[in-house]
Structure formats: structure tokens, C-alpha cells
Amino acid sequence: MEAYRGKLIGVMGDEDTVTGFLLAGVGQRGARGSNFMVVDSKTSVSDIENKFTELTERDDVAIVLINQHVANEIRHLVKQYKKLIPTVLEIPSKEHPYDPEKDEIMNE
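Attention in this report is confined to the structure presented alongside it.

The rules behind each value
- Residues numbered from 1 in each chain as written.
- Predicted model: local features only at pLDDT ≥ 70, side-chain atom pairs only at ≥ 80, totals over all residues.
- Heavy atoms only, no water.
- Helix = DSSP H or I, 4+ residues; strand = E, 2+ residues; numbered from the N terminus.
- Rg over C-alpha atoms; globule rule 2.2 N^0.38 Å.
- Buried < 20%, exposed > 50% of the residue type's maximum accessible area, 1.4 Å probe, protein only.
- Contact = heavy atoms within 4.5 Å.
- Lys, Arg positive; Asp, Glu negative; His and termini not counted.
- Charge placed at Lys NZ, Arg CZ, Asp CG, Glu CD.
- Phe/Tyr/Trp six-rings, centres within 6.5 Å; stacked < 30°, edge-to-face > 60°.

1. Things to note about the overall build of the protein chain
On a plain count of helices and strands, the protein chain comes out with 4 helices and 6 strands. Reading the helices (α) and strands (β) of the protein chain from amino to carboxyl end gives β-α-β-β-β-α-β-α-α-β. Whereas a compact globule of 108 residues would reach a radius of gyration of roughly 13 Å, the protein chain reaches 13 Å, a difference of no more than 12%. Overall size of the protein chain, expressed as C-alpha extent along the three principal axes, is 35 × 30 × 25 Å. Counting the 108 residues in the protein chain, one finds 40% classified as buried. When contacts within the protein chain are restricted to residue pairs at least 6 apart in sequence, those whose partners lie at least 24 apart make up 62%. A distance of 4 Å separates the average location of the 13 positive side-chain charges in the protein chain from that of its 19 negative side-chain charges.

2. Remarks on the packing of aromatic side chains
If you walk through the whole model with that rule in mind, you get 1 aromatic pair. With 6.0 Å between their ring centres and 80 degrees between their planes, Phe52 and Tyr81 make a pair best called edge-to-face. Taken together, the positions of Phe52 in helix α2 (residues 45-57) and Tyr81 in the loop between α4 (75-80) and β6 (87-91) put the pair 29 residues apart, joining distant regions of the chain. What makes Phe52 buried here is its relative accessible area of 3%.

Put into C-alpha cells, the structure is as follows:
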């Protein structure tokens with residue numbers, strides 16, 4: 001467990017979700033950028049793809065929490081992702097209920 005001490009949680013989602021996690025102390029900005037992304041209707045799919053790839057390739061991130069409706073936008077990347085760490089977990093949002101049939105982890 002010592003190898004995971006000091007690891008970050010990455011968050012990608014709508015404003016309410018990301019704000020909640022930031023208020024809980026999850027957010028961090030530094031030389032490597034931030035460990036979070038607010039996604040709204042103006043956010044491009046390529047921006048979402050780039051942030052997902054960035055977070056899943058960082059060695060200081062242990063978990064990536066992503067709203068399921070955001071994961072649906074990049075489902076092809078989420079399906080291809082097979083590493084254990086960082087673990088990618090799809091979570092519901094206030095406006096979009098969770099559908100376990102779309103969750104890649106639940107379908108494995």
C-alpha cells in the first residue's frame with residue numbers, strides 16, 4: 001500500500017460533480033496541470049479525450065472518477081482502457097442517472 005500513498009484522484013464531469021469533489025479537497029494544480037476537468041455542452045470531444053488520456057497516463061493518479069454521461073462521449077477510449085491503476089470509475093450526475101449496463105467495469 002505504500003506505493004499508493006500520496007496518489008491523486010482525477011475527476012471529470014459536470015460542474016456540480018467537479019465542484020463537490022474540489023470542495024472535498026480533491027483538486028490540485030501544479031506543473032503537471034490539474035487533476036480535474038469540468039465538462040459542459042461547449043466542451044469538445046477531443047478535449048475530453050485528451051484529458052482522459054492525460055489522467056490515465058499520469059503516475060500520480062490512482063483513481064479517475066468520470067460522470068457516466070461524459071464517459072459515453074469517449075466510450076471508445078473507456079472500452080480500450082485496461083490498466084488497473086489508475087482505476088476508472090463511472091459515477092452518476094445530478095442530471096444523468098447511472099446505467100450499469102453502460103459501465104465497462106460492471107460489464108466485465
